[in-house]
Amino acid sequence: MAKGIKVGSEVRVLRGKFSTQKGVVQASEGVGRARKWIVKLNGGVLERFSARTLELEQRHLITPPSTSIRAVSQEEEDSCSSNTSSDESSTSDNDEMREVDEDGASRRASDVSERRTNWDNRDTAAESNGDDDRVVLDGVEWRKMGVELNGPAYQRKAALYHPLHERSTELDFWKMMMPADLMRNIIEATNLHTEMAQKPLDYEQLQHFFGILLAMTLASGGERRDMWKTESNGPFPAPALGRYMACHDFERILRNLKLCVYTDEELADDPWLPIRSAVDSFNRNRRGGISPGVTLCADESMGSWRGLAAKVDDAVVGLPHVTKIARKPEGVGTEYRTLSCGETKIMLQLEIQEGKVPMQGKEYAKDYGSGTSSLLRLTRYWSGSDCTVVADSAFASLKTAEALHKHRGLRFIGLVKTAHKRFPKAWLQKYPYTNRGDHCVLQANIDGRQYMAVGWNDKKLKMFISSTSRTTEALCPAYKKRFRQSTPEDRTSAPCVVFYKEVKRPAVVEAYFDNANAIDVHNHLRQGGLELERHWKTQTWWHRNFATIFGMCESDAYLAFRYFHPLAPILSHREFTERLSLQLLTYKSSFHDTGPSARLRKHMPVAPTEQPLQTVVAKIMSSHTLKTNMRECPVFQYKRQRLEQDEEGTSHNGRVPSVQRKCSVCCERKTAYYCDECTQLHEEIVPICNPGSAKPGLHRAWLFTLTKLRSRFEPESNLIT
């Protein structure tokens, strides 16, 4: 809000259809916040403006007009300005007008003009050379011209590193986006609690636990225990989640849920340790699972938290650092600097904002500051990819564009607001834009690299820094959604008509706005659609942060399903969540997962968790024998006799039990092999498939599972030779 506006002041309009136009204040109406200033614009038009839409330019000695405002010609205005002692000014009857001393007003106007000139010189540090189309800022020369920079060297599409087919389900995309090593760490850390000793958590139960978390987001409120009710009290059926997991088992897992193993000494050194491993696992998963398109988007994401945030005797009893951003829908909690793919809107990298002091010790922070250093760390794994990074004013500056080119070989388009050092912000603001949609371009050559500063006159002026794209008019203009009455005479009952107003824009502005909303869309899916952070009520801060990462994985799975599935049905986010929740609740383990199936686990010897993997494999190999002929199995022969003849001795049409059963490990392949020891011990055939070899004494499928999982995280190891 501009202060010091009086009758006779020269002002500039900041927003609206008269944006950037100048005029002179003629009178005022109303008092307090309802006050309106009547301004005569340079074109001779009289308009009313609030104080917050005006900016004070300088004060002139102008004859205060009477309360009856009329449109005057330019000659009358000049005459009125030169004859300040006329009878009309002395007889003005406006109660709010004050008499102004001519000499004092002239001195004040001169002082204001001089201060403004000095401020502009200090703000821009420009060297005036008598050339209106040239400005020099701290050694960087900007020249006005139409610029068409080169775009990316090649246009590529986003791709997944995981194989897909027409029968891929929502669960398959969930497995791609949920880090496998994070789930392994959860199982290991959670099972260390004494309460979990009697019934430890396994991979299958963890998937059921995740399915219940998603089912909670689909419920319409109520207590968490209501999800296990079997009788409905309303029009909707009862969830009855007891079919998949008992309520006390879910609460037991929830109480003891931990994301990684750490000691108190490690926690004292790094208060973010409970969640850091989850963030690292997320980043590794995205780095090795998806190839982004040609555009990357950087922005902020918030994890909501309303609980404790303090330290007591150097012990963390709450969230180590709370960020408050008023403009965010969930503006209190943990801030993440994030990077996403502009094409698919899938999240690629996360970085926790740990506070001012810890972030100052991060890589590049001392040389480039907060925003630029964060962007350099987020784009580390896409160096040399020739991608274009799109970022808002939290990251955008000429320094950022230079650093991305120097350290990463990446292009940049950013919206500049406050970080305008060496950027011609003042020049672009003073440029006389005629119509809405007009733009102006300045070009600079720094170390052989071309950069351009673009000013685009939308509803208010927007300024961009870019090292790529073009400034020619975009093929697709900006569409502004507007509403109007179909019948202007009847504004009460006439229907409202929706129409779109087209605003022309350059190609570089189109490239920015087509990709800048990628993380905003992702945040809306997670916080406005899934809302797991609201449904999962907890007083443990790392549980809330895990809910944020869990929601990101679910949103990424939905975005990947919608973009990459070859025959993806048209599903809303809620429908996708419903299907995924049901598939997780009915999930059965296989040899592709991080643990054996429940049936085989019952037959296998239990080894202590501290024993190395080679020891466990050796015990399995030594204590189990794989036989090839299921017909010779005593259990098989007994069942065959029962089927061939019942108590009365009648035949069952020659039916015999099949000699091929589904493998107890993978639950997919049919096999005639079985484990002799497990079959005799439990009096039930335990079939085991035998891919690749028929060596007796070896559970090949089980050993293959262990080897595959081991090599996934430690590629150097090789258990099978």
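Look above for the structure.
Residues numbered from 1 in each chain as written. Predicted model: local features only at pLDDT ≥ 70, side-chain atom pairs only at ≥ 80, totals over all residues. Heavy atoms only, no water.

Caption draft 1: Spotlight on the environment of Leu348. Along the chain, the position of Leu348 falls in strand E15 (residues 347–352). Taking the C-alpha atoms as reference, Leu348 lies 9.5 Å from Ser291; in sequence the two are 57 residues apart. Not counting residues up to four positions away in its chain, the partners in contact with Leu348 are Phe282, Asn283, Arg286, Ile290, Pro292, Leu296, Leu339, Ser340, Cys341 and Trp382. (Helix = DSSP H or I, 4+ residues; strand = E, 2+ residues; numbered from the N terminus. Contact = heavy atoms within 4.5 Å.)

Caption draft 2: Fine view of helix H5 (residues 180–190). By the criterion of burial, H5 is predominantly enclosed, with nine of the eleven residues buried. Inspection of H5 places Ala180, Asp181, Leu182, Met183, Asn185, Ile186, Ile187, Ala189 and Thr190 among the buried residues, and these make up the whole buried set. (Buried < 20%, exposed > 50% of the residue type's maximum accessible area, 1.4 Å probe, protein only.)

Caption draft 3: Representation of the pattern of salt bridges in the model. Counted under the stated rule, the structure contains 30 salt bridges. One salt bridge connects Asp458 with Arg436, and the closest N-O pair in it is separated by 3.0 Å. Of this pair, Asp458 sits in the loop between strand E19 (449–457) and strand E20 (461–466) while Arg436 sits in the loop between helix H14 (425–430) and strand E18 (439–446), placing them 22 residues apart in sequence. Between Asp458 and Lys480 there is a salt bridge whose closest N-O contact spans 3.0 Å. In this pair, Asp458 is assigned in the loop between E19 and E20 and Lys480 in strand E21 (residues 478–485), connecting sequence segments 22 residues apart. One salt-bridge network, held together by shared partners, links Asp270, Arg276, Glu354 and Lys362. (Salt bridge = Lys/Arg side-chain N within 4 Å of Asp/Glu carboxyl O.)

Caption draft 4: Main features of a nonpolar patch on the surface. A contiguous nonpolar surface patch, about 450 Å² in accessible area, is contributed by Tyr479, Phe483, Val498 and Tyr500. Residue assignment for the nonpolar patch shows that the elements contributing at least two residues are E21 and strand E22 (496–503). Here Tyr479 shows up in strand E21. (Patch = residues over 30% accessible without salt bridge, like charges linked within 9 Å, V, L, I, M, F, W, Y side chains within 5 Å. Areas by Shrake-Rupley, 256 points an atom, 1.4 Å probe, with all protein chains shown as cover.)

Caption draft 5: A look at the packing of H5 against helix H6 (residues 203–218). Following both chains from N to C, one finds H5 and H6 inclined at 105°, their axes separated by 11 Å at the closest point. Considered as vectors, H5 and H6 are oriented roughly perpendicular to each other. Here Met183, Ile186 and Ile187 of H5 come into contact with H6, specifically with Tyr203, Leu206, Gln207 and Phe210. Of the residues assigned to the contact of H5 with H6, the class counts are six nonpolar, one polar and no charged. (Axes fitted to C-alpha atoms, helices over the stretch in contact; angles between N-to-C directions. Parallel < 35°, antiparallel > 145°, perpendicular 65-115°, else oblique. Nonpolar A, V, L, I, M, F, W, Y, C, P; charged D, E, K, R; others polar.)

Caption draft 6: Spotlight on the nonpolar core. Counting 112 residues, the largest nonpolar core has Trp142, Phe209, Phe210, Ile275 and Phe546 as its most contacted members. For this core, the leading source of residues is helix H18 (residues 541–564), giving 13 residues. Apart from residues lying up to four places away in sequence, Phe209 is in contact with Met245, Phe250, Ile253, Leu254 and Leu257. Formed by 16 residues, the second largest nonpolar core is a distinct cluster that contains Ile413, Val454, Val508 and Val509. (Core = buried A, V, L, I, M, F, W, Y, C linked by side-chain atoms within 4.5 Å.)

Caption draft 7: Structural view of unusual backbone geometry. Despite not being glycine, Asp138 has its phi angle at roughly 50°, a positive value. Residue placement: Asp138 occurs in the loop between strand E6 (134–137) and strand E7 (140–144).

Caption draft 8: Up close: the side chain of Asp458. With a relative accessible area of 5%, Asp458 lands in the buried category. There is a polar contact of 3.0 Å between the side chain of Asp458 and the side chain of Arg436. Setting aside chain neighbours within four positions, we find Asp458 in contact with Arg436, Lys480 and Val503. (Polar contact = N/O pair within 3.5 Å; in protein donor to acceptor, adjacent residues only side chain to side chain.)

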